[in-house]
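Coordinate inspection notes
Chain residues, written in single-letter form:
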Amino acid sequence: MVIRTAPARGHRPVLEGPGFLARADLQVLIDLLREDGRRVIGPTVSDGAIVYDEITSLDDLPRGIGDEQAPGRYRLRRRNDERLFGYVVGPTAFKKWTFPPLVPLTRAAKDGHRVTFSPEPIDVPPVAFLGARACDLAALGVQDTVFTGTAFVDPDYAARRAKVFLVAVQCTTAAATCFCTSMGTGPEVEEGYDLLLTELDGGFLVDADSAAGRAMLARLPVRPAAAAEQYGAAATVAAVRARIGDPVPAAGLHDRLLAQLDHPRWAQVAERCITCGNCTLACPTCFCTTLSQVTDLTGRDATMYRSWDSCFSPGFAKVAGGSFRSRPRDRYRQWLTHKFATWWDQFGSSGCVGCGRCITWCPVGIDVRDELNAIAPAVPLVPEAPIVEPVAATPNDFVTARVVATRQETADTTTLTLTGTDPAFAKGNTGQFAMVALPGFPPLPISISRFLPDGIELTIRGAGPATKAMCALQVGEQLGLRGPLGNNWPLDRAVGRDLVIVTGGIGLAPLRPVLHAIVADRRRFGDVKLYYGARTPADLLYRDELERWSARHGIEVSLTVDRAGPEWTGRVGIVTHLFDQAAWDGANMIAFVCGPERMMQATSTTLAGRGVPASRIHVTLERHMECGIGLCGHCQMGKYFVCRDGPVFSIGQLGDIFGREGI
Amino acid sequence: MNETAALIAALNTSWFATGLSEKAQTRLAELGRRFTAEPGTELFREGETSDTFGILVHGRVALRTLVPERGDITILTVEPGDVYLWSALVPPYRASSTGTAIEPIEAIVFDGASLRAALREDCELALALYPRVLVAVARRLYATRLQMLDLFAAEQVKSW
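Residues numbered from 1 in each chain as written. Chains lettered and ligands numbered in written order. Predicted model: local features only at pLDDT ≥ 70, side-chain atom pairs only at ≥ 80, totals over all residues. Heavy atoms only, no water.

1. Let's talk about the overall build of chain B
If you tally the helices and strands in chain B, you get four helices and eight strands. For 160 residues, the compact-globule estimate of 2.2 N^0.38 gives 15 Å, and the C-alpha radius of gyration of chain B, at 17 Å, lies within 12% of that figure. When its C-alpha atoms are laid out on the principal axes, chain B stretches across 55 × 30 × 25 Å. Here chain B holds 160 residues, and 49% of them are scored as buried. (Helix = DSSP H or I, 4+ residues; strand = E, 2+ residues; numbered from the N terminus. Rg over C-alpha atoms; globule rule 2.2 N^0.38 Å. Buried < 20%, exposed > 50% of the residue type's maximum accessible area, 1.4 Å probe, protein only.)

This is the structure we're talking about:
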């Protein structure tokens, strides 16, 4: 325990090092925190468990109560003492207050052709967390990085987190489910607190680690702690460390796990896993959310709520064409590999703090430690840093834009021309997308199919209720936009090279801005070949532009359809047959590919066979997205968030996760 | 250029015949003949005996199949370099679709019975030709599977 000098306050002497607070005087701390206007959140017994909830007095604390934990098992036990913190951790985590399960985000209204979006005001009271353990502090640190440590900040979290006063408690006991020692997060609380308590027989050793903490310490009725008390406290925590041991050797775990994506154990654990999502709800770091719309009966006013979601939910990775993780084994693998491996790539730390909640609260008693240890060591992988080039974002808010033209491209696909867009769109890049919202519908990621001086175009296929509502918008009506989001097609790498663009179906939409950029500056690029496949001749998009690109701009346009009537004299067959036997050599080429994932896979294989290197075959991926800025968790693919690190990736970057079932 | 030399030159423009030995090229040129047709010409009909094997040199041939109440559906087009009527080499020697020229075409065609007789007698020719036919048919099989997935459909195609 580090000895610090506290500044003098009032009549009390300057405290050198930790103080000692009698057990009954903890009430003084609770009262002072409440006097300061804080809700005090601490441990209390409820429904047979020790949970974190609002407390007002010492009587609310679990005096003399401990817990017994094992996989799928939790029981309270009477202790032989009067300790207030003689338990380990219960089912709740403090994230419930910094990252509440349900938060209203945006209010949307529709009045005739006019729609408005207004973010809900963020008004949160100050709180104090009493009894946070080392793993709880580590978990707050993990969520701090997720929500405030990257390019995009979650304003609700930031506001709540800034108002937290942290009273940490050293662990003096351990559960059979604890493994903080392996995760490097505990059991010792070392930093990140305001006040730190270590419970002894008669009271607490108290230390401070922040200006606010030192100020509070100076207001408490403490006496300097005796050397024996300090020694005893340190020895107790050391005994906890020894008791936990090192259940999950963590060295190289990242590489070992990612090398085992095909391990048979995934299927075996999935036979036990009931995909209930309890582990993710009990987890203090899980941060995935979903949006829901609540409208009034007229449908004119809607409020968008954000609620906790789980990667175990069946619809979590669903897109119009199906779910990317339909099988329980896919979802279990996603959860475990994210926590222990790809979290490092995304956030520079493990996503697990070793609190053991997921083990205790798993109804079938799956123990992550056993699962991790059962996965064999393998060849380490060298991760390639993702390209992140986000342009702009206005989190939790949608800026309205107005429809000034609509064009029906095919029976189910419409292009909307929008003006009055956020000025950020003027700086947008090819391949980026926008989150598009209509009141009462979930916001959806839609590729920007054209950048205009004062707006954008979106080409939307009416595949579900939200996209059908967007396609039905008339001139003069409004919608909400957030963006432009995501990275872009690496056009700068195409300068001076031959470029091959392969696309299918609606996939031409995100590539259309690439073609606009090429024709605007045609001399900078070598030969440009566009291979485009559609379902039938009637499903071909942008037919007038295709003709113009070919006739006026020297772009070699080849079309094919999957089936046609006798009136079609063009090609029929799959898109790769347009070039699998062509004369060109791909060694100097760069390729941009967009279409259904199975088509992009076939195309990448064919392009690689023509000599195009994997680092120069770029694809754009579709995933379920709700936030568009790496905060909701839905679009995760291995170590990437497709919205933030993509949607454009090279095949080299994706490696063997591309086209793999259930990633 | 005599006709054999012209046919050898034409063979060499096709990916199908690329890399054939000189001997095999000469033998094929002896067996084959040049064939042209105008757009709209029906070259063969689904279910009928395949009496010729063709390598398309120029133009486009639509392979169609008749679906009652939907009419003739083009399921594939044969492009220069590819073969048509491979069924002339595989029992029961019947065309699996109807082939119609939809552009002016030029092809090298082989009488089915004579080609089969030549392949039976000349192992070297058989060894040169059959793997290429297998590649051409496998390429179509793979493409057909992808087409069957109907990947560009707006609604998810349900399994059945």
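2. Some details on the overall build of chain A
When helices and strands are counted, chain A shows 20 helices and 31 strands. On C-alpha atoms alone, chain A measures out to a radius of gyration of 29 Å, which is about the 26 Å that the 2.2 N^0.38 rule sets for 663 residues. A principal-axis box enclosing the C-alpha atoms of chain A has dimensions of 90 × 55 × 45 Å. Sorting the 663 residues of chain A into buried and exposed places 58% on the buried side.

3. Let's talk about the pairing of strand 8 (residues 105–111) of chain B
Residues and elements named next belong to chain B. Most of strand 8 sits inside the fold, with six of its seven residues counted as buried. Relative to strand 8, strand 1 (residues 32–37) is paired through six bridges, and the arrangement is antiparallel. Paired with Gly32 across the strands is Phe110, a residue of strand 8. Here strand 3 (residues 52–58) runs beside strand 8; their pairing, made up of six bridges, is antiparallel. Bridging across to strand 8, Ile55 finds its partner in Ile108. (Pairing = 2+ DSSP bridges.)

4. What about the sheet that holds strand 19 (residues 433–437) of chain A?
Residue and element names in this part refer to chain A. If you trace the six strands once around the closed barrel, you get 17-18-21-20-19-22, paired in antiparallel fashion. For this sheet the average axis-to-axis angle between neighbouring strands, irrespective of direction, equals 45°. Taken together, the four bridges between strand 20 (residues 444–452) and strand 21 (residues 455–461) define a ladder with antiparallel strand orientation. From the neighbouring strand, Ile448 faces strand 21, where its bridge partner is Leu458. Against the sheet, helix 16 (residues 512–520) makes contact with strand 17 (399–410), strand 18 (413–419), strand 20 and strand 21, and its axis sits at roughly 15° relative to strand 20, the strand it touches most. (Axes fitted to C-alpha atoms, helices over the stretch in contact; angles between N-to-C directions. Contact = heavy atoms within 4.5 Å.)

5. Points about the packing of helix 2 (residues 22–31) of chain B against helix 4 (residues 123–148) of chain B
Residues and elements named next belong to chain B. Orientation of helix 2 relative to helix 4, taken along the N-to-C sense of each, is 90°, at an axis distance of 10 Å. Of the possible angle classes, the one that applies to helix 2 and helix 4 is roughly perpendicular. Two secondary-structure elements touch here, helix 2 through Lys23, Ala24, Arg27, Leu28 and Leu31 and helix 4 through Glu124, Leu125, Ala128 and Leu129. When the residues that make up the contact of helix 2 with helix 4 are grouped by side-chain class, the tally is six nonpolar, no polar and three charged. (Parallel < 35°, antiparallel > 145°, perpendicular 65-115°, else oblique. Nonpolar A, V, L, I, M, F, W, Y, C, P; charged D, E, K, R; others polar.)

6. Quick word on the layout of surface pockets
Residue and element names in this part refer to chain B. The computed volume of the second largest pocket comes to approximately 560 Å³. Lining the second largest pocket are 23 residues, and of these Ile75, Leu76, Ser97, Thr144 and Gln147 lie nearest its centre. Elements with a contribution of two residues or more to the lining of the second largest pocket: strand 4 (61–67), strand 5 (71–78) and helix 4. Sorting elements by how many residues they give to the lining of the second largest pocket places helix 4 first, with six residues. Among the residues forming the lining of the second largest pocket, the class breakdown is 13 nonpolar, six polar and four charged. (1 Å grid on protein atoms, 1.4 Å probe; cavity = no way out; pocket = protein on both sides within 12 Å on 5 of 7 lines; lining within 4 Å. Points joined across faces, edges and corners; volume = space filled by probe spheres on them.)

7. Here's the deal with unusual backbone geometry
Backbone torsion omega between Gly483 of chain A and Pro484 of chain A reads 0°, so that peptide bond is classified as cis. Inspection of the secondary structure puts Pro484 of chain A in strand 22 (residues 478–485). A cis amide bond, omega 10°, links Gly646 of chain A with the succeeding residue Pro647 of chain A. With respect to the helices, strands and loops of the structure, Pro647 of chain A is situated in the loop between helix 19 (642–645) and strand 31 (648–650). Of note, the phi angle at Asp150 of chain B is positive, near 50°, even though the residue is not glycine. Within the secondary structure, Asp150 of chain B sits in the segment after helix 4.

8. A few points about the interface of chain B and chain A
Taken together, the contacts link 26 residues of chain B with 31 residues of chain A. With a shortest N-O distance of 3.5 Å, Arg563 of chain A and Asp150 of chain B are connected by a salt bridge. The tally of links between chain B and chain A comes to 10 residue pairs in polar contact (both at pLDDT 80 or more). Going through the elements one at a time, strand 5 and helix 4 of chain B are the ones with two or more residues in the side of chain B that touches chain A. By residue number, the principal contributor to the side of chain B that touches chain A is strand 5 of chain B, which donates six residues. Classifying every residue of the side of chain B that touches chain A by side-chain character gives 13 nonpolar, four polar and nine charged. (Salt bridge = Lys/Arg side-chain N within 4 Å of Asp/Glu carboxyl O. Polar contact = N/O pair within 3.5 Å; in protein donor to acceptor, adjacent residues only side chain to side chain.)

9. Notes on the domain arrangement of chain A
Considered domain by domain, chain A is made up of domain 1 (19–99 + 120–244), domain 2 (253–374), domain 3 (399–485) and domain 4 (494–620). On a C-alpha basis, the centres of domain 2 of chain A and domain 4 of chain A stand 37 Å from each other. (Domains from an automatic or database assignment.)

10. A few points about the pattern of salt bridges
One pass over the structure, following the stated rule, counts 44 salt bridges over all chains. Across the pair Asp521 of chain A and Arg524 of chain A runs a salt bridge whose closest N-O atoms are separated by 3.7 Å. Owing to a relative accessible area of 41%, Arg524 of chain A belongs among the partly exposed residues under this scheme. Across the pair Glu79 of chain B and Arg571 of chain A runs a salt bridge, and its minimum N-O distance is 3.4 Å. With Glu79 of chain B in the loop between strand 5 and strand 6 (83–84) and Arg571 of chain A in strand 26 (residues 571–572), this pair bridges two chains. One exposure class covers both Glu79 of chain B and Arg571 of chain A, and it is buried.

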